[in-house]
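Listed below are the residues making up each chain.
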Amino acid sequence: MQNINNSDSNITSFDWVTLYNAENSLEANIIKGLILNAGIECQIKGEMLQGAMGEIPFEQTQVSVQVYAIKERHAREILVNYQQVKQSAPDWVCPNCNEHNGSTFDFCWSCGTLKNDKSE
């Protein structure tokens, strides 16, 4: 959903900093997977609060992806690549179960079928 600028001078190399505020837990986990795949430790904050939406203020249910400050620059490069792919690639329909899948999915979220060129 949005990039975060962590310009606080009190942050040390091994403090968790918010890299990205996601639209939902699914998007946060996609980004987390990309970052972990690059060998960068990360965590999701606020994922468990999604079920309390409506009971507590919306801004307190925000799901964010966090990385160590020392790895923030590398993680941002991964995030930029993700956002470019997300904007340029079309969504696709699974040829097996006809489920609508986002452009960033390589497998159908419903049945696990691999995306192919004919699926778009």
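The structure under discussion appears in the preceding block.
Residues numbered from 1 in each chain as written. Predicted model: local features only at pLDDT ≥ 70, side-chain atom pairs only at ≥ 80, totals over all residues. Heavy atoms only, no water.

A. Up close: the environment of Ser64. Note on placement: Ser64 falls in strand S4 (residues 63–68). Sequence separation between Ser64 and Glu47 is 17 residues, and the spatial gap between their C-alpha atoms is 7.9 Å. Excluding its chain neighbours within four sequence positions, the residues that come into contact with Ser64 are Thr18, Tyr20, Asn21, Gln43, Ile44 and Lys45. (Helix = DSSP H or I, 4+ residues; strand = E, 2+ residues; numbered from the N terminus. Contact = heavy atoms within 4.5 Å.)

B. Structural context of the packing of aromatic side chains. Counted by the stated rule, this structure contains two aromatic pairs. Seen in terms of ring centroids, Phe14 and Tyr68 are 5.8 Å apart; in terms of plane orientation they differ by 70°. Their pairing is edge-to-face. Taken as a pair, Phe14 in the loop between strand S1 (2–3) and strand S2 (16–22) and Tyr68 in strand S4 lie far apart in primary sequence, 54 residues in all. Each ring, one from Trp16 and one from Tyr68, has its centre 4.1 Å from the other, and the planes form 20°; the classification is stacked. One end of the pair, Trp16, is in strand S2; the other, Tyr68, is in strand S4, with 52 residues separating them in the sequence. Through a chain of ring-to-ring contacts, the aromatic side chains of Phe14, Trp16 and Tyr68 assemble into a single cluster. (Phe/Tyr/Trp six-rings, centres within 6.5 Å; stacked < 30°, edge-to-face > 60°.)

C. Representation of the pairing of strand S3 (residues 42–45) in the model. Side chains Cys42 and Ile44 project from S3 onto a buried face, and the interleaved Gln43 and Lys45 project onto a face without burial. Pairing geometry for S3 and S4, over four bridges, is antiparallel. Within the sheet, the bridge partner assigned to Ile44 lies in S4 and is Val65. (Buried < 20%, exposed > 50% of the residue type's maximum accessible area, 1.4 Å probe, protein only. Pairing = 2+ DSSP bridges.)

D. Local environment of the environment of Val63. Along the chain, Val63 falls in strand S4. Val63 sits in the buried class, given a relative accessible area of 1%. When the C-alpha positions of Val63 and Ala22 are compared, they lie 5.6 Å apart, and in sequence the two are 41 residues distant.

E. Fine view of the nonpolar core. Leu19, Tyr20, Ile31, Ile35 and Val67 are the most contacted members of the largest nonpolar core, which totals 17 residues. Leaving out residues up to four positions away in the same chain, Ile31 has contacts with Tyr20, Val65, Leu79 and Tyr82. (Core = buried A, V, L, I, M, F, W, Y, C linked by side-chain atoms within 4.5 Å.)

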